[in-house]
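# Inside the fold
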Amino acid sequence: MNLQLLISGTSMGFVYGLIAMGMVLIFRSVGIMNFAQGEFLMFGGYICYMFNRIFNIPIGISLILSSLIMGVVGAIFMRTAYWPLRKAQSKAIIVSAMGASIVLKEGARIIWGSIPVSMDKVADGTAKVSTASIQWQYVAIIVIAAFLMALVYILLEKTFIGHIMQATAQDQYMASLIGIPVIVSIGLTFALSAMITGVGGGLLAPIFFLNNTMGMTSGAKAFAAIVIGGFGSVPGAIIGGLIVGLVEAFGGAYISTTYQLVLIYIVLVLVLMVRPQGIFGDRIQEKA
Amino acid sequence: MKERFKSIRLTNVVIVAAIFLLCMLIPSQTSSYMLRVLNIAMITYLCVLSVYVLLGMCGQNSFAQAGLWGIGAYITANVVMKLGYSSITAFIISVIGTALFTFVIGFAFFRLRMYYFTFATVGLMTILNGLFMNWKEATGGALGISNIPEFRVGGFVANTETSKYFVILATVVLISLSLKFLFHSPLGRSFMAIRDNEIAANCLGINSLLTKSIAFAISGALCGAAGALYAFLSGYLSYQSFTYQQSTMYLIMIMLGGTISPVGAVIGTLIISLLQEWVRPLQNYMQLIYGAGIMILMIVQPEGILGGGKVIYDKYIKPKKTSTKNG
């Protein structure tokens, strides 16, 4: 029982970690919290469903294809919802991201219908470990998510493109002075963020059915993960995601399933009270 | 500076007078269905006004407004039905109760700044919605509370749509007027000082934690009033009304209208509430168009309709002499 919860909680935690990481990448790059990140998860899941069930492509290839398409979606999102507003107040960008999230949600409903759908698992069957039975899908989620996170780390830290993206995140004006095309660099960041989040959707769909309103709850949990882990910190997002996943799994089993989300946010508020900058966050001095 | 305030106030008066005349004529001209839509719109307006106080005046963004609205509604339902108090008492208890609740919460939450506060309110909203759904004794759980008695004072019972309309209208007008006082009071000015620059406001001797908590409490009181009115109007409360989506709707409404004045709240609420009714035939694509519309509006005019109007006014209508450089 406990082992089962541990595995399912960890794998959900990794998915929340993926969403949270996507948000943090965008936040570090442009200083804006993306309120449509949960919708990326939903949309990615649906695109994966389309390849897998409608075009009958094997799930592994569907995941890769859907992540590529999500990259394009992310770039379009950046060009339409963020770029024209980059000099406006941040609340205008928040509202336009909300508009974009409505568009994605309703677009998915109009294209794929509002009936919850499912698709193939990456790994079928269950493993028996003493009394616990563990779905292989959970293990696959953990492996794939960890692989993606490592990939993003290598991309950002070891490659030229990653350095360009980090330079833009630090100072857009300076980056433009040394010849970095800022719009391309930010577009790449959004694309990367949408890609990893979209894969999360494809991994989640076989366990929980896909529907067009799932983005909001997953997005809310990812917020909690980011704030618990520390705003703007990538390792913080992953650890925060794990904490949220585990609290959800164990709280659901031992306390109450109806209060799962409430429980997560109580943990969040407690963390904020004790350590307002989160686990990995730095205390930032406010500028006048 | 003074000139600008004066001119804005004058336009406000004209617009308010016109709307008031219109409001008096409406009940005799429209169907009771349309009146119900307007009643709901006016209650929504109160909630949007609460966002205006918090975001437009004090610069803090909260996503918990729909939850606070729910608190007001459930307090009224419980006080009227379980304790048997009169409608007016229930209304006052709702307003004060919600204000106290938000003040205490604000005192804790405003230790967090900016984004962190916003996220804490998203959390609060989620917790409140969970409570409304599951706390059977106070909220009726998933079934909700039904058969809430109508608003009554002495022999007057607001049981028709028209009488409800006038009760709500009177409350809305009273609250809007008292908000005008707030706008020009020292407290209101300290809100705006915090919005413009919190550190500078602190240097002027404003206790920003206390002031922000008071702003949150005032917005809570507005939501509480809206909740009480909603309970009397609909007679039935369900947790499905008080959701995070509703809170985002309020933000969208105020951004659509413009955050520089309560008139923005009126414009935003009216446009979105009526739009939802008028485009019913397009129901299937309505939400999509609406989302795209919000994006386009934010791109074209990030300050909202009122902000756009002000730019045009400053540029073309206002006498050239006073039109100094405008930020």
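Residues numbered from 1 in each chain as written. Chains lettered and ligands numbered in written order. Predicted model: local features only at pLDDT ≥ 70, side-chain atom pairs only at ≥ 80, totals over all residues.

## Quick word on the overall build of chain B
- Scanning chain B for helices and strands turns up 14 helices and 2 strands.
- Projected onto its principal axes, the C-alpha coordinates of chain B cover approximately 60 × 50 × 45 Å.
- Residue burial in chain B is summarised as follows: out of 327 residues, 44% are buried.
- Considering only contacts within chain B whose residues lie at least 6 apart along the sequence, 77% involve residues at least 24 apart. (Helix = DSSP H or I, 4+ residues; strand = E, 2+ residues; numbered from the N terminus. Buried ≥ 20, exposed ≤ 12 C-beta atoms within 10 Å, placed from the backbone. Contact = placed C-beta atoms within 7 Å.)

## Topic: the overall build of chain A
- Regarding its fold elements, chain A presents 11 helices and 2 strands.
- Listed by position from the N terminus, the elements making up chain A come as α-α-α-α-β-β-α-α-α-α-α-α-α.
- In terms of C-alpha radius of gyration, chain A reaches 19 Å, essentially the compact-globule figure of 19 Å for 288 residues.
- Along the longest, intermediate and shortest principal axes, the C-alpha atoms of chain A span 60 × 50 × 35 Å. (Rg over C-alpha atoms; globule rule 2.2 N^0.38 Å.)

## A few points about the pairing of strand β1 (residues 126-129) of chain A
- Direction of pairing for β1(A) relative to strand β2 (residues 132-135) of chain A: antiparallel, over a ladder of 4 bridges. By the bridge assignment, T126(A) is partnered in β2(A) with Q135(A). (Pairing = 2+ DSSP bridges.)

## Description of helix α4 (residues 90-112) of chain A
- Between its terminal C-alpha atoms α4(A) stretches 33 Å, which fits the 33 Å expected from 23 residues at 1.5 Å a residue.
- Downstream of α4(A) by a residue or two, G113(A) has a phi angle that is positive, lying close to 80°. (Expected span 1.5 Å × (residues − 1).)

## Some points on the interface of chain A and chain B
- Between chain A and chain B, the contact holds 38 residues from the first and 32 residues from the second.
- Going through the elements one at a time, α3 (59-82), α4, α9 (214-229) and α11 (260-274) of chain A are the ones with two or more residues in the side of chain A that touches chain B.
- Among the elements that make up the side of chain A that touches chain B, the one with the highest residue count is α4(A) (12 residues).
- In terms of residue class, the side of chain A that touches chain B is made up of 29 nonpolar, 6 polar and 3 charged. (Nonpolar A, V, L, I, M, F, W, Y, C, P; charged D, E, K, R; others polar.)

## Details of the environment of L179(B)
Residue and element names in this part refer to chain B.
- With respect to the helices and strands, L179 occurs in helix α7 (residues 161-184).
- Residue L179 is classed as partly exposed on the basis of its C-beta count, with 18 C-beta atoms lying within 10 Å.
- Sequence spacing of L179 and T102 is 77 residues, and the spatial spacing of their C-alpha atoms is 18 Å.
- For L179, the residues in contact, after removing those within four places along its chain, are L49 and P262.

## Quick word on the packing of helix α2 (residues 32-57) of chain B against α7(B)
Residues and elements named next belong to chain B.
- Running from N to C, α2 and α7 point in directions that differ by 20°, and their axes come no closer than 10 Å. What the angle tells us is that α2 and α7 run roughly parallel. Crossing geometry of α2 relative to α7 is assigned as left-handed. Each of S32, L35, R36, L38, N39, M42, I43, Y45, L46 and L49 in α2 lies in contact with α7, whose residues at this interface are E161, T162, K164, Y165, I168, L169, V172, I175 and L179.
- A breakdown of the residues in the contact of α2 with α7 according to their chemical character gives 13 nonpolar, 3 polar and 3 charged. (Axes fitted to C-alpha atoms, helices over the stretch in contact; angles between N-to-C directions. Parallel < 35°, antiparallel > 145°, perpendicular 65-115°, else oblique. Left-handed = near helix turned anticlockwise from the far one by under 90°.)

## Details of unusual backbone geometry
- In the Ramachandran plot, N56(A) falls in the positive-phi region, its phi being about 55° despite a non-glycine side chain.
- Assignment of secondary structure puts N56(A) in the loop between α2 (37-54) and α3.

## Structural notes on the packing of helix α6 (residues 160-170) of chain A against helix α8 (residues 182-204) of chain A
Residues and elements named next belong to chain A.
- The interhelical angle for the contact between α6 and α8, taken along N-to-C directions, is 105°, at an axis separation of 9 Å. Taken as axis vectors, α6 and α8 run roughly perpendicular relative to one another. The segment α6 lies against α8, with I161, I164, M165 and T168 engaging V182, S185, I186, L188 and T189.
- The class makeup of the residues in the contact of α6 with α8 is 6 nonpolar, 3 polar and no charged.

## Observations regarding the confidence of the model for chain B
Residue and element names in this part refer to chain B.
- Averaged over every residue, the pLDDT of chain B is 82; the share at 70 or more is 94%.
- Per-element mean pLDDT across chain B ranges from 73 in helix α1 (residues 2-29) up to 90 in helix α10 (residues 208-234).
- What the predictor reports for the complex is a pTM of 0.79 with an ipTM of 0.76. (pLDDT = per-residue confidence, 0-100.)

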